[in-house]
Amino acid sequence: MQLGFFVTAGALTPPLLALCRFEDEVIWCLCSGIFGAAMLIFVLTYPARRRAVAGTSAPAFVYLDLSLLFGAVVLLISNAAGRPLAPNAGFYAAGLTGVLFVSGLGYLHALGHLRRDDSAHDR
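Now for a look at the structure at hand. (Residues numbered from 1 in each chain as written. Predicted model: local features only at pLDDT ≥ 70, side-chain atom pairs only at ≥ 80, totals over all residues. Heavy atoms only, no water.)

1. Structural notes on the packing of aromatic side chains
Logical step 1: Scanning the model with the defined rule gives 3 aromatic pairs in all.
Logical step 2: Ring geometry for F6 versus F35: centroids 5.2 Å apart, planes at 80 degrees, classification edge-to-face. Here F6 is found in helix α1 (residues 2-19), whereas its partner F35 is found in helix α2 (residues 24-54), with 29 residues between them in sequence. Across the pair, F35 and F6 agree in class, each one buried.
Logical step 3: Taken together, a centroid distance of 5.7 Å and an interplanar angle of 35 degrees make the contact between F42 and Y46 tilted. (Phe/Tyr/Trp six-rings, centres within 6.5 Å; stacked < 30°, edge-to-face > 60°. Helix = DSSP H or I, 4+ residues; strand = E, 2+ residues; numbered from the N terminus. Buried < 20%, exposed > 50% of the residue type's maximum accessible area, 1.4 Å probe, protein only.)

2. Brief notes about the side chain of D65
Logical step 1: Its place among the elements puts D65 in helix α3 (residues 60-81).
Logical step 2: The side chain of D65 sits in the buried core without any salt bridge; R50 is the nearest counter-charge, 9.2 Å away.
Logical step 3: A distance of 3.0 Å separates polar atoms of two side chains, one belonging to D65 and the other to H109.
Logical step 4: Setting aside chain neighbours within four positions, we find D65 in contact with V102, L105, G106 and H109. (Lys, Arg positive; Asp, Glu negative; His and termini not counted. Salt bridge = Lys/Arg side-chain N within 4 Å of Asp/Glu carboxyl O. Polar contact = N/O pair within 3.5 Å; in protein donor to acceptor, adjacent residues only side chain to side chain. Contact = heavy atoms within 4.5 Å.)

3. Notes on a nonpolar patch on the surface
Logical step 1: A contiguous nonpolar patch, built from F22, V26, L30 and I34 and spanning about 340 Å² of accessible area, is present on the exposed surface.
Logical step 2: Tracing the backbone shows F22 in the loop between α1 and α2. (Patch = residues over 30% accessible without salt bridge, like charges linked within 9 Å, V, L, I, M, F, W, Y side chains within 5 Å. Areas by Shrake-Rupley, 256 points an atom, 1.4 Å probe, with all protein chains shown as cover.)

4. Here we look at the environment of L66
Logical step 1: Within the element layout of this structure, L66 appears in helix α3.
Logical step 2: Classification of L66 as buried rests on a relative accessible area of 9%.
Logical step 3: Residues L66 and F42, 24 residues apart in the sequence, show an inter-C-alpha distance of 9.2 Å.
Logical step 4: In this structure, L66 is in contact with V43, Y46 and P47, ignoring residues within four places of it in sequence.

5. Quick notes on the packing of α1 against α2
Logical step 1: Contact geometry for α1 and α2: axes closest at 10 Å, N-to-C directions at 165 degrees. One element, α1, and the other, α2, form an angle in the roughly antiparallel class. Considering how the two elements wind past one another, α1 and α2 form a crossing that is right-handed. Residues Q2, L3, F6, A9, G10, T13, P14, L17 and A18 of α1 pack against I27, W28, L30, C31, F35, A38, M39, F42 and R49 of α2.
Logical step 2: For the contact of α1 with α2, the per-class residue count stands at 14 nonpolar, 3 polar and 1 charged. (Axes fitted to C-alpha atoms, helices over the stretch in contact; angles between N-to-C directions. Parallel < 35°, antiparallel > 145°, perpendicular 65-115°, else oblique. Left-handed = near helix turned anticlockwise from the far one by under 90°. Nonpolar A, V, L, I, M, F, W, Y, C, P; charged D, E, K, R; others polar.)

The following block contains the structure:
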């Protein structure tokens, strides 16, 4: 759910800045940097936050999902840095779309994990 809000905010911010007449390159650099940094913090702190709530370490699928999210973070931060191309809408959209897809995958992983736990309790 947190990632859904993140993607929504990330999708709404560039048009807002465009309406305020910011230059395109500034918009993509600024948004990529802010949302890339926020996602990096999310990825790096998630295992500790989860452990604090659940009392156990995260299952392997969580680390897979975090690795995939890290790929989106690299894309966003690369776009902010202007490497390999100048900051642009395409790389920004690809980074946000990656976050959205990985959040959906994470949801399916968590749902499958819960179903396995329920099946084990029924036996």
